[in-house]
Amino acid sequence: MAPILDIKNLYKSYGATEILKDINVAIEPGDFLVLVGPSGCGKSTLLNCIAGLEPISGGAIHINGKDMTDVSPKDRDIAMVFQSYALYPTMTVAKNITFGMKVRGVDAATQAAKLAEVAAQLQIEPLLNRRPGQLSGGQRQRVAMGRALVRDPALFLFDEPLSNLDAKLRVEMRTEIKKLHHNLGASMVYVTHDQIEAMTLATKIVVMKGGVIQQIGTPAEIYNTPANLFVADFMGSPAMNLIPARVQQNGTGHRIEIQRVDAEPLVLEDHRPLNLPGNVIMGLRPEDIAEAGFRAGAEVQEATCLVDMVEPAGADTYVVSQLGGKQVTARLHAETSARAGQPMVMAFDLAKVSYFAPRRVSG
Amino acid sequence: MTDATIHSRPSRSTSSRAGRIALRTLLYVFLIGFALFYLMPLFVMLTTSLKSLDEIRTGSLVALPRDVTFEAWRTAWSGACTGIRCEGLKPYLLNSLMIAIPGVALSTLFGAMNGYVFAQWKFRGANVLFALLLFGCFIPFQVVLLPMARVLGILNLAGTIPGLIFVHTVYGLGFTTLFFRNYYVTIPMELVRAAKIDGAGFFRIFWSIFLPLSLPIIVVTVIWQFTQIWNDFLFGVSFSQAGTQPVTVALNNIVNSTTGVKEYNVDMAAAILAALPTLLVYVVAGKYFIRGLTAGSVKG
Ligand SMILES: Nc1ncnc2c1ncn2[C@@H]1O[C@H](COP(=O)(O)OP(=O)(O)O)[C@@H](O)[C@H]1O
Ligand SMILES: [Mg+2]
C-alpha cells in the first residue's frame, strides 16, 4: 500500500536558524503517528509544514501519493485540531463545524446531514447553537474535533489537543481519540510532549530532539530498545535507569561490573553475544529490577543491594538504591519487605538490558 | 488583621470613619466645582442663543433668558451669512456629513484591513512599513498641505467634496490602522490557520471571522475618526471652495464676516449646531468607546 504521508529529507529554517533537519517519515493508511519530544524541539513546526501552514526550506511532502510540497493548506486533504482549539468566536458551534463546507460551496442539505452525523458521533447535539465562549474546555475540544471530522480528510493533524485540559479530562479524551481512530480507521499525526500520551495512542512514534529525529518505531520498540540515551531517558515514567558500568569479555558473553560506594562492585553476567566496549551505560527499566523470588527468567540474576529509600505508590512500591553513582529505581510489588537503610536481595533481568555508549564529557 | 484592629480600637475606627467622610465630601466639592467650571461655557452658549439681541445687550452674561426665542437658531440654521451667501449653516452641515460619513467609513474599513494584515499576515518589511505608517499619525498636517494640494490637483479633485473625503481617508489611516492592528494582535494566530485549512482565503477570513469580532474597536475608530473629520478646520479651509466648505469653516465665516452688529445669539446657536453631531456620537456610543479602549484579547 502506498504511504498516506511520506516526508523526504525535510529541512525547515527560520532565517539562519535551522529548526528541522533532514526529517524522513512515512506512515501507512490507518497509522496513528505520534511526534513526541521536549518543548521547543520542532514538533509543531513539523506539523505546520505537513499542513502547508509553513513553507519548507528543503525536501518534499507527499500526502496520499500526491506531491503536496507546494500545495496550499486547503488543497492538501487534511484537517487540523489546534492546541488553542482556534474556534471562530463569533460563530455558533454549528457554524464552526460547517464553515469549511460553506466556504467550499457544499450544498445546505449535505452540510446539515454531515453536521448531524458528526454532532451525534461526538455527542455535542445540545451545544450546536452555543458560541465557543459559552463552552467548557472539554466541550471546545469536542467542537474542534468535530470541525476536523466533518472534513473527512485523508490525514488528521493534531497539535497537542489535550494539553489545555485538566488531568482527568485529558485521560478521558485520550481514550476517546483512540476509540475514534479505531472506529474511523483514519490516518493521524499527533503532536505531544507527553510520553505517556504517545505510548497509549500511537501505532508509530517519532521521538524528536532539537529538530532531529532520534528514533522511529512502534511504542514497544521505542520502549524496549531505545536507540540512544535521550530516547531511553525521555520515554517511560519513572525513567529508565542509566547506570555506568565496566565491561569485560567473558567467553561469548560479558561480565558487567558496577561500582558501589562502601561495598564490593556489583557483578552481573550478560550471556547475549553482543559487541560491547569497555565502558558502557547500562539501561534497565525499573520494572526489570524486582525483589528476589518475584521474577523468573533465564537471565534473572540476584544481588544484594542497600536500600536508600522506599516510595510506596499504591499498586507498586519504588525502591531506590545507589549503583554506579546513580539513583537506581526498582519497581517492586506493594507488599515488599524492603526497608530504607536495610540490605535486600534484588533480581536484575539481564535479558532486558540496553547498552549505550557513555556520553562524552565535554570540556 | 484589619478586623482585629477595628475591634480593639473602636474610638480610632470612629474617628477614621469621620475622616473618610470629610475626605469624600471634599472630593465631591472639588469634582462638582470642576464640572461646573467646564459646563459654564456651554451654559452661557445655550442661554445666549435663546435670548434676543436686545436682551443680550442689556442683561447679564450668566442670566437666564427672560423671553425664550428660537429666532437665533432659525437664523443660524438657514439665514446667517457666510460671506456673500446667506443660507445659514444648513448646506455646510450637509457638506460636513457628506465628507464625514464616507471619510469615516473608508478610513475605518481600510484601517481594519491594514491592521488585519499587519497583525496576522506577517510579510517582509512589515515592521518598517508599520513604523512609517505610525509616523503618519504624528506628522504635523501643515507640512502636507502643499503636496496634498498638488495631488488633489492632479487627481482633479481640488475643491471638491470627494477631494476632502480622500484627504481625510489618507490622513486617518495612521490611527485607524494602529487601532485595528493592536486589537488584532491579541487574536491567536491559530484562528487564521484554522480558517486557511477550512479553505477560506484572505478576504473571506477578514469578512467572516475578523470583522464580526471587531465591534468594540470599530466603535472606537468611528468615534475617533468622526470627531477628527468633523472638527477639522485646516484641511477644510485649505481644500474647499465656495459651496463645498465643511461646517467648521462656515462657522468661522459666520462669526467673522458679520457686518454691523455682532449677533452673539446667532453665533452661539451656530456653534452649538456645529458641535451637536460629535456630541451625539459620544452620547450614543460613548459607553462602547470606553469598553473598546480597554477591550483585551478575544477568547476563542
Ligand atoms: N515563526 C518563528 N520564527 C522563528 N523561530 C520559530 C518560529 N516558530 C517557532 N520557532 C522556533 O522553532 C523551534 C521549534 O518550535 P515548535 O515547533 O513550536 O516546538 P514544539 O512544538 O516542539 O514545542 C523553537 O525553538 C521556536 O523558538
Ligand atoms: Mg508545539
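Residues numbered from 1 in each chain as written. Chains lettered and ligands numbered in written order. Predicted model: local features only at pLDDT ≥ 70, side-chain atom pairs only at ≥ 80, totals over all residues. Heavy atoms only, no water.

Under the annotation held in an unreviewed UniProt entry, chain B carries the name ABC transporter permease subunit and is attributed to Pseudooceanicola spongiae. What the UniProt record of chain B gives under Subcellular location (unreviewed entry) is the line "Cell membrane". Under the UniProt heading Sequence similarities (unreviewed entry), the note attached to chain B is "Belongs to the binding-protein-dependent transport system permease family." (UniProt positions renumbered as here; feature names shortened; annotations may be inferred.)

The name recorded for chain A in an unreviewed UniProt entry is sn-glycerol-3-phosphate ABC transporter ATP-binding protein UgpC, from Pseudooceanicola spongiae. Annotation of chain A in UniProt includes, under Sequence similarities (unreviewed entry), the sentence "Belongs to the ABC transporter superfamily."

**Student:** Any chance you could explain the UniProt feature "transmembrane region" (unreviewed entry) in chain B here in plain terms?
**Tutor:** Residue and element names in this part refer to chain B. The UniProt feature table records "transmembrane region" (unreviewed entry) at residues 21–44, 97–119, 126–149, 161–184, 205–226 and 268–290. When the span residues 161–184 is considered, its composition is 100% helix and 0% strand, and the gap between its end C-alpha atoms is 32 Å. Across residues 268–290, the secondary structure splits into 100% helix and 0% strand, with the terminal C-alpha atoms separated by 30 Å. (Helix = DSSP H or I, 4+ residues; strand = E, 2+ residues; numbered from the N terminus.)

**Student:** Help me understand the domain arrangement of chain A in this model?
**Tutor:** How big an interface is tends to be stated in terms of the accessible area lost upon association of its parts. Residue and element names in this part refer to chain A. Partitioning chain A into structural domains gives domain 1 (5–234) and domain 2 (241–356). Just the C-alpha atoms count here: the centres of domain 1 and domain 2 sit 39 Å apart. With 10 residues of domain 1 at the contact, the number on the domain 2 side is six residues. Taken over both partners, the interface formed by domain 1 and domain 2 buries close to 650 Å², and the fraction arising from carbon and sulfur atoms is 56%. Broken down residue by residue, the surface that domain 1 buries against domain 2 is led by Tyr223, Leu229 and Ala232, which jointly contribute 67%. Across the contact surface, domain 1 and domain 2 share zero salt bridges. At the boundary of domain 1 and domain 2, one finds two residue pairs in polar contact (both at pLDDT 80 or more). Those elements that place two or more of their residues in the side of domain 1 that touches domain 2 are helix 7 (219–224) and helix 8 (229–234). (Domains from an automatic or database assignment. Contact = heavy atoms within 4.5 Å. Buried area = accessible area lost by both parts, 1.4 Å probe. Salt bridge = Lys/Arg side-chain N within 4 Å of Asp/Glu carboxyl O. Polar contact = N/O pair within 3.5 Å; in protein donor to acceptor, adjacent residues only side chain to side chain.)

**Student:** What am I meant to see in the nonpolar core here?
**Tutor:** The tendency in soluble globular proteins is for nonpolar side chains to be buried as a group. Counting residues in each nonpolar core, the largest one holds 64 residues, and the members touching the most others are Leu5 and Val189 of chain A together with Tyr184 of chain B. Among all residues touching Tyr184 of chain B, those that are not within four sequence positions of it are Ala112, Gly115, Tyr116, Ala119, Gln120, Phe206, Phe210, Leu211 and Ser214 of chain B. Counting 45 residues, the second-largest nonpolar core is a separate cluster that includes Ile124, Leu127, Ile177 and Ala186 of chain A. (Core = buried A, V, L, I, M, F, W, Y, C linked by side-chain atoms within 4.5 Å. Buried < 20%, exposed > 50% of the residue type's maximum accessible area, 1.4 Å probe, protein only.)

**Student:** Got a minute to help me understand the site of ligand 1 in this structure?
**Tutor:** All names here are of chain A. Taken together, Tyr14, Ile19, Ser39, Gly40, Cys41, Gly42, Lys43, Ser44 and Thr45 are the residues near ligand 1. At a separation of 2.7 Å, an oxygen atom of ligand 1 approaches a polar backbone atom of Gly40. Here an oxygen atom of ligand 1 and a backbone polar atom of Cys41 are 3.2 Å apart. In terms of residues, the shell around ligand 1 owes the most to one element, helix 1 (residues 43–51), which gives three residues. Tallied by class, residues from the shell around ligand 1 come to three nonpolar, five polar and one charged. (Near = heavy atom within 4 Å. Nonpolar A, V, L, I, M, F, W, Y, C, P; charged D, E, K, R; others polar.)

**Student:** Explain the pairing of strand 6 (residues 78–81) of chain A here, please?
**Tutor:** Looking along a regular strand, one sees the side chains alternate between the two faces of the sheet. Residues and elements named next belong to chain A. In strand 6, alternate side chains face the same way, and those of Ile78 and Met80 on one face and Ala79 and Val81 on the other are all buried. Bridge analysis of strand 6 against strand 7 (residues 155–159) gives four bridges, and the strand direction is parallel. Bridged to Ile78 within strand 7 is Leu155. (Pairing = 2+ DSSP bridges.)

**Student:** Would you explain the side chain of Gln141 of chain A in this entry?
**Tutor:** Residues and elements named next belong to chain A. Checked against the element boundaries, Gln141 lands in helix 4 (residues 137–149). On the basis of relative accessible area, Gln141 is assigned to the buried category, the value being 0%. Among residues more than four places away in sequence, those in contact with Gln141 are Val81, Tyr85, Pro161, Leu162, Leu165 and Met173.

**Student:** When you look at the pattern of salt bridges in this model, what are you seeing that I'm missing?
**Tutor:** Two side chains carrying opposite charge are able to pair once their charged atoms lie near each other. If you walk through the whole model with that rule in mind, you get 15 salt bridges over all chains. Linking Arg193 of chain B and Glu54 of chain A is a salt bridge whose minimum nitrogen-to-oxygen distance equals 2.8 Å. One end of the pair, Arg193 of chain B, is in helix 9 (residues 189–197); the other, Glu54 of chain A, is in the loop between helix 1 and strand 4 (58–63), on a second chain. Judged by its relative accessible area of 14%, Glu54 of chain A falls in the buried class. Between Asp267 of chain B and Lys262 of chain B there is a salt bridge, with its nearest N and O atoms 3.9 Å apart. Residue Asp267 of chain B is classed as buried on the basis of its relative accessible area of 8%. Here the salt bridges do not stand alone but share partners, grouping Lys12 and Glu54 of chain A together with Arg193 of chain B into one network.

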